[in-house]
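Fold and geometry: a report
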Amino acid sequence: MSREPFGIGVIGCGNISNQYLRNLTAFPDLAVLICADLDAARAKAQAAAYGVAEWGSPDDALGHPGVRLIVNLTVPAAHAEVTAAAIAAGKHVWSEKPLTLDVAGGRALLAAAQAAGVRVGCAPDTVLGAGLQSARRLIDSGAIGTPLTALTLLQGPGPQSWHPDPEFLFARGAGPLFDLGPYYLSVLAVLFGPAARVAAIGRRPQASRVIGSGPRAGTEFAVAVPTYVAALAEYAGGQAASLLFSWDSPLHRAGFVEVTGTEATLALPDPNRFDGDLRVRRAGDADWAVIPATGAAAGRGSGVIDMVRAIRVGAAHRASGDLALHVLEMMTAIERSAASGAFEPVETRFDPPAPLGPQWDPYVTED
Ligand SMILES: NC(=O)c1ccc[n+]([C@@H]2O[C@H](COP(=O)([O-])OP(=O)(O)OC[C@H]3O[C@@H](n4cnc5c(N)ncnc54)[C@H](O)[C@@H]3O)[C@@H](O)[C@H]2O)c1
């Protein structure tokens with residue numbers, strides 16, 4: 001097992017790269033060697049801001065001899081191309097979500113990675129956070145009995161108010177289902193296993209929206225995808241879930257995930273966060289019992305650490321390409337059902353990731 005810090009190249013130096021670069025440059029197992037972007041000024045600025053020695057084009061990162069893993073933080077429409085180029089360059093890849101825009105493209109990427117002997121991991125890594133891992137440990141201990149059903153809610157006016165370049169969030173491969181669905185669908189996948197079929201209703205009440213912040217505030221842009229999606233999911237293990245993803249609500253209510261079992265209901269923390277308390281309510285209880293989460297809540301980049309440690313010891317990494325492909329297939333099936341009105345099958349499968357122990361810590365190098 002090598003103790004050399006694992007060489008990382010970041011491609012895509014936009015909004016979310018701040019969270020990643022802050023964490024990746026602080027984790028002792030990693031060394032961020034280069035920041036890259038199509039926009040060289042962004043790459044240069046982020047390298048300077050986070051003390052990264054080199055900056056350049058995507059090709060500079062792909063050709064960097066010290067880089068063993070590319071962190072792909074580009075917009076969803078570029079994910080497949082950048083991940084494929086990294087695999088072709090012999091690098092492992094951590095991709096922001098979604099893995100690709102279509103299932104066939106996702107399958108092709110995972111097959112190419114396997115042939116090349118490199119790994120693909122994919123956001124969200126919030127499933128490795130203290131909140132959701134504590135929920136998993138609680139459910140595994142039998143605290144709610146046998147889990148039967150789940151209810152998730154994500155409602156709000158949409159990200160055009162705060163994101164300075166929000167067009168990609170309303171283009172193919174985004175919308176509330178593809179942008180935020182991975183958080184909700186991944187946590188249920190980790191708790192319930194793979195889904196077998198889904199159904200949905202979709203709506204797009206506003207054909208255009210207006211940017212609300214930044215230098216382009218006031219600019220109108222087209223909305224290409226449903227911004228209200230109400231979905232049903234049936235899991236291969238028999239569990240059922242009702243899920244709402246809406247950017248057509250003045251009321252902001254996000255992060256709502258409840259899992260109901262034979263003995264109690266568990267309210268999970270926001271699946272878009274790494275921390276947060278749990279609440280349990282058993283039949284007859286007058287109120288919720290609060291259970292503090294235990295474990296690391298290091299934030300975005302936790303999945304990269306888990307992947308690097310797994311590569312070093314030859315174990316499976318948890319936020320895997322197979323899990324991301326399954327979540328992607330669920331989202332594309334939900335989208336198809338919203339158009340067709342019929343239940344749609346979900347066929348991909350994944351090995352359920354092993355739980356993390358409460359002592360797992362991205363800031364402490366493991367022996
Ligand atoms: N912004 C958030 O809060 C947030 C949160 C979680 C996940 N994400 C995900 O992170 C990803 C990036 O989101 P963002 O908000 O940072 O977007 P952004 O538009 O702010 O930044 C994307 C960056 O990628 C660069 N880029 C685009 N295509 C490229 C290519 N082919 N090669 C190299 N660089 C390229 C752009 O120049 C830009 O700098 C998306 O997949 C998004 O879903 C964003």
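Attention here is on the structure that accompanies the text. Every value quoted in this text rests on a predicted model; they were computed, and no experiment measured them. (Residues numbered from 1 in each chain as written. Predicted model: local features only at pLDDT ≥ 70, side-chain atom pairs only at ≥ 80, totals over all residues. Heavy atoms only, no water.)

Describing the pattern of salt bridges
For clarity, the cut-off: Salt bridges, as used here, are contacts in which a Lys or Arg side-chain nitrogen is within 4 Å of a carboxyl oxygen on Asp or Glu. Each helix is a run of DSSP H or I of at least 4 residues and each strand a run of E of at least 2, with the numbering of both proceeding from the N terminus. Burial classes follow relative accessibility: with a 1.4 Å probe on protein chains only, a residue under 20% of its type's maximum area counts as buried, one over 50% as exposed, and anything between as partly exposed.
Under the counting rule described, the total for this entry stands at 13 salt bridges. Of the charged contacts in the structure, one is a salt bridge between Arg42 and Asp165, with a shortest N-O distance of 3.6 Å. Here the residue Arg42 occupies a position in helix H2 (residues 40–50), and Asp165 occupies one in the loop between strand S7 (147–155) and helix H7 (175–192), the gap between them amounting to 123 residues. Residue classification places Arg42 among the partly exposed residues on the basis of a relative accessible area of 37%. The residue Asp140 makes a salt bridge to Arg136 at a minimum N-O spacing of 3.9 Å. Remark: Arg136 and Asp140 occur in helix H6 (residues 130–140); sequence separation between them is 4 residues, near one turn of the helix. For Asp140, a relative accessible area of 53% gives the class exposed. Several salt bridges share partner residues, and in doing so they unite Asp39, Arg42, Asp165, Glu167 and Arg216 into one network.

Some words on the site of the ligand
Counted only if it meets this: Here a residue is considered near a molecule or strand provided that any single heavy atom belonging to it is located within 4 Å of it. Each polar contact in these results corresponds to two N or O atoms within 3.5 Å; when the atoms are within protein, one needs to be able to donate a hydrogen and the other to accept it, and residues that are neighboring in sequence are counted only if both atoms are side-chain atoms. Using the Shrake-Rupley algorithm and a 1.4 Å probe, accessible areas are obtained, with residue cover drawn only from the displayed protein chains.
Near the ligand there are 25 residues, and of these Asn15, Ile16, Asp37, Arg42 and His79 occur at the shortest range. Asn15 is positioned with one of its backbone polar atoms (N or O) 2.9 Å from an oxygen atom of the ligand. A distance of 3.0 Å is found between an oxygen atom of the ligand and a backbone nitrogen or oxygen belonging to Lys97. Isolated, the ligand exposes 820 Å² of accessible area, and the fraction of that covered by the protein chains is 87%. Within the residue set of the shell around the ligand, elements represented by two or more residues are helix H4 (76–88) and H7. If you tally residues by element for the shell around the ligand, the top one is H4, at 4 residues.

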